[in-house]
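Residue-level listing of the chains:
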Amino acid sequence: HAMVVEVIYTFMLCFVVLNCAASKQNNSPTDGNQFFALAIGFVIVAGGYAVGGISGAAFNPAVAIALDVKHAGFSWGIWYGLFELIGGALAALLYKIVRPAEKSGGDFPSDYQATLPTKLMSEFLGTFMLVITVGLNIITGSAATAFSAAASLMCMIYSLGNVSGAHFNPAVTVACVCRGACGVKDGVAYALVQTIAGCCAGLVAGVFHAASSNKDVTYALKPGAGYTFSAACFAELFFTFVLAYTVLATATIAKPSSQPTSQNFYFGLSIGSCVTAGGFAIGAVSGGELNPAVSAGIAMLGTMSPGSDPLPPYTYLVGFILVELLGGLCAAAVFRFSHQSPAASNEAAALVCEFVGTFALVFTVGCCVISGSSTWNATAIAAVLMVMIYSTGPVSGGNLNPAVSLSLGLTGGLPWPKVFQYWVAQLLAGAAAGGAYVALFAPKTATLAPVTPFSWPYALLAEAIYTCMLCFVVLNCAASKRNNPRMDGNQFFALAIGFVIIAGGYAAGNISGACFNPSVALGVDIKHVGFHWGIVWALAEMLGAAMAAALYRAVRPDEKLSDDQLDAYEPSLSTKCLSEFLGTFMLVLTVGLNVVMASPAVAWSAAASLMCMIYSLGNVSGGHFNPAVTLAVVTSGRGKCSRRDGIAYTAVQLFAGFVAGLVTKLFHSAGPDSETKHLLQPGEGHSFIDAGLAEFFFTAVLAYIVLAVATTTPEPGTLKTKQNFQFALCIGSCVTAGGFAIGSVSGGELNPAVAVGISTQALSLGSLVCFVLWELCGGLISSIALRLTHPGEFTQAKA
């Protein structure tokens, strides 16, 4: 069993590499994609959660040998390696089948069209990998089924999107046929193959279930405990609608005029994230399948290995499939009005988009609050916000939040008449979504109030700070003329905006509930029609929006310049220092609040905060927010940061860490564990040398990634856009990796400013000097590493 899953997911890993990085059609030498590493890395999310409890999830002979190092790889390591090589060979074979036009030499034929059999093979592979991932997560008791399934879907969509369209879902195929993006003949064939693939994956999952230690447990397609069949059907209908609508809005629309590249960097991320949102929001209600092929696969799993309990009637399967297909039809109908009809350019279509997007957001919040998991709620809400912004952005701007509309109005990004119209649509959507989730979960309901033991001033302060961050990111990533230029727009705007919810949701969720949006506050407080705490929360959020507008004007005085003047603009040192202060403050505050509130996702939340602020301020100051990174950039030369600027940056970053530490202390003193001291020191059972080496290595990784992805110049002619889609995602992900990997060893600060913040909130120096020195050494060694790995950068600098 272990060897089989190693073959399956090593195949998936190599297949994604070939399709996303090696394919000339998918990664043109003159118009390369910037999603290849995202797709490859998330295979580990898909397979790691699915089969980590079966084989350990190595998927790489080097990893297998390293884990088997006590036997020099000659115990299980060599067997794992051999089967993983079989997976690699299988990937090469199937790659040639789905991409027959790929040749070792010459250009890719511009008139190539995949044949129907090739498209069907694509649909079979993508659907099979999605459903087997869902099935294996279920039978191994994974706590992250939705996240793992979303990763599998995203990776296969990025891999096969330009082969078959990568539907992998009969409901999506129905929506695409109705929209005219897929022929009826192809659609019928797709749906049949997808269903067969789902059943095959269910059979394979059933084999694993029959051999597992929980083989007596019955996994069946049915409503969750305590929920009716009608409630489960409505939940499936709505989130399948969201998924299909997102596919139509992000993967089937024409390339916008603001996008010089033909590559769409976010479509797979958006579509996969619908599964994250829906799976966690309604997993307890219906299972969160959102796909007739997944429903068929789970039914087949139950039939193949039924366990000890009787199976439910097949009417559940029929009912789920019918409502999921209906969700696809509804998506096509709404999309036809919002994006396809002549009204798409009118105010009515924009208002519909604002209503639909806000409704989806608030309904997801309600579902998460009542039936979700505190570990994943913020991630699910962030995911739905991101996908709805990507889906509605081209029509309405994707505000979906009265506070965002206010900040755009204050900065001149949105006319005031439209601000008021958007408010009406957003608030109506919030109220409607509140009523919908209350009806779904009755008699259960959500409550909006300060979380005990915090009083209302603390809750409102948290709402104001993170609403400010949210609006600030919107302004910088979506409204800025220099960060999102009219003729070369960025494709990261919704990613950055959505991930603010991950940053603030985990940091402030146990203080205020983490609304950051008056429509959400109204929806959550719907039993009082917003006139209890809802209106108070909304006022704090509007104050946060006003603060964001003021700070945006301060860090981007260039927004008043003409296009010609923008090209020559260079921020002043004071503007850069303000940028570094804001970014560092939000990072350290987010870390601090996660720590003192005992968040289960400190590294994930901190990484999101860092990523959002780098996307927002990267082209103002470079977005260092870390003295070790600044040291690395200065010592790497090439004129990327002068010594004068580096010294000023470092002083400001350390001061921002100190101020954030004081604010964290304010919250900690009123919190549930105010008597506990969170000291900067090695973890239990680890020495100062252990902690120092851990900080040194992962700070070096972080600083090296900054140098490699944010300060290097792409090879001329390989990209058609000047926008860097992945740089902040890569940098933030270093914090995710390091924080989780060494959190129990050293705390995983990776940043002297974070170390200062932790020491300040504890009112104790602890291991501050030791940690800071190790982290600075990590930054220094990274600049040496860059000289060895990127010698061309230094040749260009000399020239």
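The text that follows walks through the structure, step by step, so that each part is easy to find. Computed from a prediction, not measured in an experiment: that's the story for all the values here.

With that settled, the discussion passes to the overall build of the protein. Each helix and strand counted, the protein has 30 helices and zero strands in total. Taking 28 Å as the expected radius of gyration for a compact globule of 799 residues, we find that the protein reaches 25 Å, a close match to that expectation. Reported as C-alpha extents along the three principal axes, the dimensions of the protein are approximately 65 × 65 × 55 Å. In the protein, which comprises 799 residues, the share counted as buried stands at 59%. Look at the contacts in the protein between residues 6 or more apart in sequence, and 81% of them connect residues 24 or more apart.

On inspection of all chains with the given rule, the structure shows 43 aromatic pairs. Ring geometry for phenylalanine 229 against phenylalanine 320: centres 6.0 Å apart, planes inclined by 5°, an arrangement best described as stacked. Within this pair, whereas phenylalanine 229 is found in helix H9 (residues 229–251), its partner phenylalanine 320 is found in helix H12 (residues 315–340), the two being separated by 91 residues in sequence. Owing to a relative accessible area of 0%, phenylalanine 320 belongs among the buried residues under this scheme.

As a further point, take the environment of alanine 548. When you line up the elements, alanine 548 lands in helix H20 (residues 534–555). In this structure alanine 548 touches Cys468, Cys471, Phe472 and Leu475, once residues within four positions along its chain are discounted.

The next point concerns the pattern of salt bridges. Pairs may arise between side chains of opposite charge once their charged atoms sit close together. In this structure the tally under the stated criterion is six salt bridges. For the salt bridge of glutamate 570 with lysine 576, the shortest nitrogen-to-oxygen distance reads 3.0 Å. Note that aspartate 645 is salt-bridged to lysine 576, the shortest N-O span being 3.3 Å. Placement of the pair is aspartate 645 in helix H25 (residues 643–670) and lysine 576 in helix H22 (residues 573–596), with a sequence separation of 69 residues.

So, about the state of the cysteines. On inspection of all chains with the given rule, the structure shows zero disulfides. With no disulfide partner, cysteine 176 has as its closest neighbouring cysteine sulfur the one in cysteine 182, 6.5 Å distant. Relative accessible area serves as the criterion here: at 2%, cysteine 176 is assigned to the buried category.

On the surface, Phe74, Trp76, Ile78, Trp79, Leu82 and Leu85 cluster together into a nonpolar patch covering about 730 Å² of accessible area. In this structure, tryptophan 79 sits in helix H4 (residues 76–98). Residue classification places tryptophan 79 among the partly exposed residues on the basis of a relative accessible area of 48%.

Right, let's talk about the packing of helix H24 (residues 627–635) against H25 for a bit. Describing two packed helices takes the angle between their axes plus the distance from one axis to the other. The interhelical angle for the contact between H24 and H25, taken along N-to-C directions, is 175°, at an axis separation of 9 Å. Comparing their axes, H25 and H24 come out roughly antiparallel. Touching Pro627, Thr630 and Val634 of H24 are Arg643, Gly646, Tyr649, Thr650, Gln653 and Leu654, all from H25. Of the residues assigned to the contact of H24 with H25, the class counts are four nonpolar, four polar and one charged.

Moving on, we come to the nonpolar core. Formed by 249 residues in total, the largest nonpolar core has its most connected members in Tyr9, Met12, Phe15, Phe363, Tyr466 and Tyr615. In contact with tyrosine 615, other than residues within four places in its own chain, are Cys477, Asn483, Phe492, Leu495, Ala496, Asn724, Phe725, Gln726, Phe727, Ala728 and Leu729. With five residues, the next largest nonpolar core counts Met3, Ala58, Ala64 and Tyr80 among its residues.

Here the focus is H22. With 24 residues, H22 extends 34 Å from end C-alpha to end C-alpha; this agrees with the ideal 34 Å at 1.5 Å per step. Counting buried positions along H22 yields 19 of 24 residues, so the element is predominantly enclosed. Positive phi shows up at alanine 598, right after H22, with a value of about 55°.

Our next topic: helix H10 (residues 267–282). Between its first and last C-alpha atoms H10 spans 23 Å; for 16 residues at 1.5 Å apiece the expected length is 22 Å, and the two agree. For H10, the tally of buried residues reaches 16 of 16 residues, placing the bulk of the element in the interior.

Examined against the element boundaries, glycine 412 turns out to sit in the loop between helix H15 (402–410) and helix H16 (416–441). On the basis of relative accessibility, which here comes to 64%, the residue glycine 412 falls in the exposed class. Spatially, the C-alpha atom of glycine 412 lies 39 Å from that of cysteine 178, the residues being 234 residues apart in sequence.

Parameters and conventions
Residues numbered from 1 in each chain as written. Predicted model: local features only at pLDDT ≥ 70, side-chain atom pairs only at ≥ 80, totals over all residues. Heavy atoms only, no water. Helix = DSSP H or I, 4+ residues; strand = E, 2+ residues; numbered from the N terminus. Rg over C-alpha atoms; globule rule 2.2 N^0.38 Å. Buried < 20%, exposed > 50% of the residue type's maximum accessible area, 1.4 Å probe, protein only. Contact = heavy atoms within 4.5 Å. Phe/Tyr/Trp six-rings, centres within 6.5 Å; stacked < 30°, edge-to-face > 60°. Salt bridge = Lys/Arg side-chain N within 4 Å of Asp/Glu carboxyl O. Disulfide = S-S within 2.5 Å. Patch = residues over 30% accessible without salt bridge, like charges linked within 9 Å, V, L, I, M, F, W, Y side chains within 5 Å. Areas by Shrake-Rupley, 256 points an atom, 1.4 Å probe, with all protein chains shown as cover. Axes fitted to C-alpha atoms, helices over the stretch in contact; angles between N-to-C directions. Parallel < 35°, antiparallel > 145°, perpendicular 65-115°, else oblique. Nonpolar A, V, L, I, M, F, W, Y, C, P; charged D, E, K, R; others polar. Core = buried A, V, L, I, M, F, W, Y, C linked by side-chain atoms within 4.5 Å. Expected span 1.5 Å × (residues − 1).

The analysis is restricted to geometry; functional conclusions fall outside its scope.
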